[in-house]
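Descriptive analysis of the structure
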Amino acid sequence: MFNDLILEKVFAHEEMQKIPIGCQSTAVHVFEEILEDILEENPYGSISDLFISTTADESISE
C-alpha cells in the first residue's frame, strides 16, 4: 500500500533504525493493514480524519 517514498522515509527514520529489520517490517505491514481496513470502512475519508485536531487536543489538556 505505501509507495516507495513513504517506505524509504519510514525505514530511514532514526527511531526505526533502533529496532531489528524484522520488527520494522512487521510494524509497517500492521500499519498498512490498519489503513486498508479504515479505507474499506470509509472509502471517501481523508488522511486528516486519522489525526486528532489541535482544538480537540487543547480541550483535553484543560
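The structure displayed is predicted, hence computed values, not measured ones. (Residues numbered from 1 in each chain as written. Predicted model: local features only at pLDDT ≥ 70, side-chain atom pairs only at ≥ 80, totals over all residues. Heavy atoms only, no water.)

A separate point is the overall build of the protein. Broken down by element type, the protein carries 3 helices and 0 strands. Listed by position from the N terminus, the elements making up the protein come as α-α-α. A buried classification covers 6% of the 62 residues belonging to the protein. When the accessible area of the protein is evaluated, it comes to approximately 5400 Å², of which 60% is carbon and sulfur surface. (Helix = DSSP H or I, 4+ residues; strand = E, 2+ residues; numbered from the N terminus. Buried < 20%, exposed > 50% of the residue type's maximum accessible area, 1.4 Å probe, protein only. Areas by Shrake-Rupley, 256 points an atom, 1.4 Å probe, with all protein chains shown as cover.)

A word on the environment of Val 28. Examined against the element boundaries, Val 28 turns out to sit in helix α2 (residues 21-41). When near neighbours in sequence (up to four residues on either side) are disregarded, Val 28 contacts Phe 2, Leu 7, Val 10, Phe 11 and Met 16. (Contact = heavy atoms within 4.5 Å.)

Here the focus is α2. Its 21 residues give α2 an end-to-end C-alpha distance of 30 Å, which sits within 8% of 30 Å, the value for a rise of 1.5 Å per residue. Those residues of α2 lying buried are Gln 24, Val 28 and Glu 32. Mapping the buried residues of α2 onto a view down its axis gives an arc of 70°, with all of them on the same face. For α2, the exposed residues set more than 90 degrees away from the buried face come down to Glu 33, Glu 40 and Glu 41. Buried residues in α2 make contact with α1 (4-12). (Expected span 1.5 Å × (residues − 1). Arc of directions from axis to C-beta.)

Here Gln 24 shows up in helix α2. If we ignore the near neighbours within four places in the chain, the residues touching Gln 24 are Phe 11, Met 16, Gln 17 and Ile 19.

So, on to the confidence of the model for the protein. When pLDDT is averaged along the protein, the result is 89, and 89% of the positions lie at 70 or above. Confidence scores differ between elements of the protein, with helix α3 (residues 54-61) showing the lowest mean pLDDT of 59 and α1 the highest of 96. (pLDDT = per-residue confidence, 0-100.)

Let's shift gears to a negative patch on the surface. The grouping of Glu 33, Glu 36, Asp 37, Glu 40 and Glu 41 at the surface amounts to a negative patch. Within the element layout of this structure, Asp 37 appears in helix α2. Asp 37 sits in the partly exposed class, given a relative accessible area of 41%. (Patch = residues over 30% accessible without salt bridge, like charges linked within 9 Å, V, L, I, M, F, W, Y side chains within 5 Å. Salt bridge = Lys/Arg side-chain N within 4 Å of Asp/Glu carboxyl O. Lys, Arg positive; Asp, Glu negative; His and termini not counted. Charge placed at Lys NZ, Arg CZ, Asp CG, Glu CD.)

Looking now at α1. Burial analysis of α1 places just 0 of its 9 residues in the buried class, a small minority of the element. By the N-cap criterion, in which a side-chain oxygen at the helix start approaches the backbone nitrogen of a residue two or three places on, α1 is capped by Asn 3, the distance to Leu 5 being 3.1 Å. (Polar contact = N/O pair within 3.5 Å; in protein donor to acceptor, adjacent residues only side chain to side chain.)

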